[in-house]
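So you can see what is in the structure, the chains are spelled out below.
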Amino acid sequence: MAQTPAQTQPRTPAPTTTDAPRWSLAIHGGAGVIERAGLTPEQDGAYRASLNRALAAGAAVLESGGAALDAVQAAVQVMEDDPLFNAGRGAVFTAAGRNELDAAVMNGPDLTAGAVAGLTTTRHPIAAARAVMEQSPHVMLIGPGADAFAAQAGLEQVDPAFFFTERRWRGLIKALTEAGLPLPERPAAAPAPGAQAAVAPPLNEKKFGTVGAVALDSQGRLAAATSTGGMTAKRWGRVGDVPVIDAGTYASNRDGCAVSATGSGEYFIRSTVARDICRRTADGATVQTAAEAEIADVGSIGGDGGVIVMGLTGTPAFAMNTSGMYRGAVSSAAPAHVAIYADEP
Ligand code: ASP
């Protein structure tokens, strides 16, 4: 039997007489060493424009009375399609020269969740995670079986070369060369070298380009979604925190909290970052205090990264121990706002 699907029936929200937002959305496009000196004005602008597109996609769902679950999926899919981010098209490569994609989604009201790891042919991994949640009795599917399930669920399948970007390929060659590891053959179906003239930060960047979204809808439902290509030059079927419910992704209306994380996944798994943040909010912490305390905890064991958190009041929280995190927020009470560097409001 499948897990109970979330209600997605739109409902016109009741007019509000307070300043508390009826709905609210926050997104991230990865944390890491992201400094002003490392991005040209064009690159900086391209990231901000892309974050604004993702916010607009999620906001359109929420403004029309739609579900938080639909909003986080809509926002994440925009970023999965954008080669600027390490998710979907633009994902990093494994040491074997493949793109293996991970994603997870969780619905706060009923604690249903779905996750996928190691996808290679499903265009939108977040849609596959949602299909696992709503159309299977399972929480996590991996590898070829997960792609087969997604295809059976009617989700768009692509040639693995769809995910190829020159910038990530160069990043792989650099990482493997530095590690003294063998270089894989360039995928036969990849575009010719030089064919992709994309806006791309320099290759000496150290950042996690995972994408994620958390939302509160006008019916008070929370949801979280995260999608990634993982870490450059990952080996041996490595899976990070993103598809691990409790680590990179978690949402619970009972705890008043939805979390999406980005960072050094092994540390985020060991710290059960997303679940811990929700335990803290359940114990009375604000989302901001909970997020900061948890990032300090994961930092204390050596982890780097950031989180976005949504609570039941609709005030989003952002916390990171890196110099930047691509991020943004919008609500029924506040216009879209995006930021990149840690010291930006
Ligand atoms: N957390 C992701 C992973 O470890 C990486 C990222 O955030 O970009 O797979």
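### A closer look at the state of the cysteines
Piece 1. Within this structure, the stated rule accounts for one disulfide.
Piece 2. There is a disulfide in this structure between Cys257 and Cys278, and the S-S distance comes to 2.4 Å. Judged by the torsion about the S-S bond (-75 degrees), the Cys257/Cys278 disulfide is left-handed. Within this pair, whereas Cys257 is found in strand 9 (residues 257-263), its partner Cys278 is found in helix 7 (residues 273-282), the two being separated by 21 residues in sequence.

### Some details on the side chain of Lys234
Piece 1. One can find Lys234 in the loop between strand 7 (222-228) and strand 8 (249-252).
Piece 2. Buried and unpaired, Lys234 has no salt bridge, with Asp102 as the nearest side chain of opposite charge at 4.2 Å.
Piece 3. In this structure the side chain of Lys234 is engaged in a polar contact, spanning 2.8 Å, whose partner is the backbone oxygen of Glu100.
Piece 4. When residues no more than four places from it in sequence are discounted, the contact partners of Lys234 are Phe93, Thr94, Ala95, Glu100, Asp102 and Gly229.

### A word on the pairing of strand 3 (residues 112-119)
Piece 1. Across the eight residues of strand 3, eight count as buried, placing the element largely inside the fold.
Piece 2. Pairing between strand 2 (residues 101-107) and strand 3: six bridges, direction antiparallel. For Asn107, the partnering residue across the bridge sits in strand 3 and is Thr112.
Piece 3. With antiparallel pairing between neighbouring strands as the criterion, strand 2 and strand 3 make up a hairpin whose turn holds four residues, including Leu111 at a positive phi of roughly 60 degrees.
Piece 4. Pairing between strand 3 and strand 4 (residues 140-142): three bridges, direction parallel. The partner of Val116 across the bridge, within strand 4, is Leu141.
Piece 5. A crossover links strand 3 with its parallel partner strand 4, the connecting element being helix 3 (residues 125-135), and its sense is left-handed.

### Section: the confidence of the model for the protein chain
Piece 1. Within the protein chain, residue pLDDT values average 92, and 92% of them lie at 70 or more.
Piece 2. Counted against residues more than four places away or in other chains, residues 4-17, with its pLDDT under 50, gives 25 contacts.

### Details of the site of the ligand
Piece 1. Asn86, Phe208, Gly209, Thr210, Gly230, Met231, Arg238, Gly240, Asp241, Thr262, Gly263 and Gly265 make up every residue found near the ligand.
Piece 2. Within the backbone of Gly209, one N or O atom sits 3.3 Å away from an oxygen atom of the ligand.
Piece 3. In isolation the ligand exposes 270 Å². Once the protein is present, 100% of that is buried.
Piece 4. Taken together, the residues of the shell around the ligand break down into two nonpolar, eight polar and two charged.

So, how was this worked out
Residues numbered from 1 in each chain as written. Predicted model: local features only at pLDDT ≥ 70, side-chain atom pairs only at ≥ 80, totals over all residues. Heavy atoms only, no water. Disulfide = S-S within 2.5 Å. Helix = DSSP H or I, 4+ residues; strand = E, 2+ residues; numbered from the N terminus. Buried < 20%, exposed > 50% of the residue type's maximum accessible area, 1.4 Å probe, protein only. Lys, Arg positive; Asp, Glu negative; His and termini not counted. Salt bridge = Lys/Arg side-chain N within 4 Å of Asp/Glu carboxyl O. Polar contact = N/O pair within 3.5 Å; in protein donor to acceptor, adjacent residues only side chain to side chain. Contact = heavy atoms within 4.5 Å. Pairing = 2+ DSSP bridges. Right-handed = clockwise from strand over helix to strand, strands pointing away. pLDDT = per-residue confidence, 0-100. Near = heavy atom within 4 Å. Areas by Shrake-Rupley, 256 points an atom, 1.4 Å probe, with all protein chains shown as cover. Nonpolar A, V, L, I, M, F, W, Y, C, P; charged D, E, K, R; others polar.

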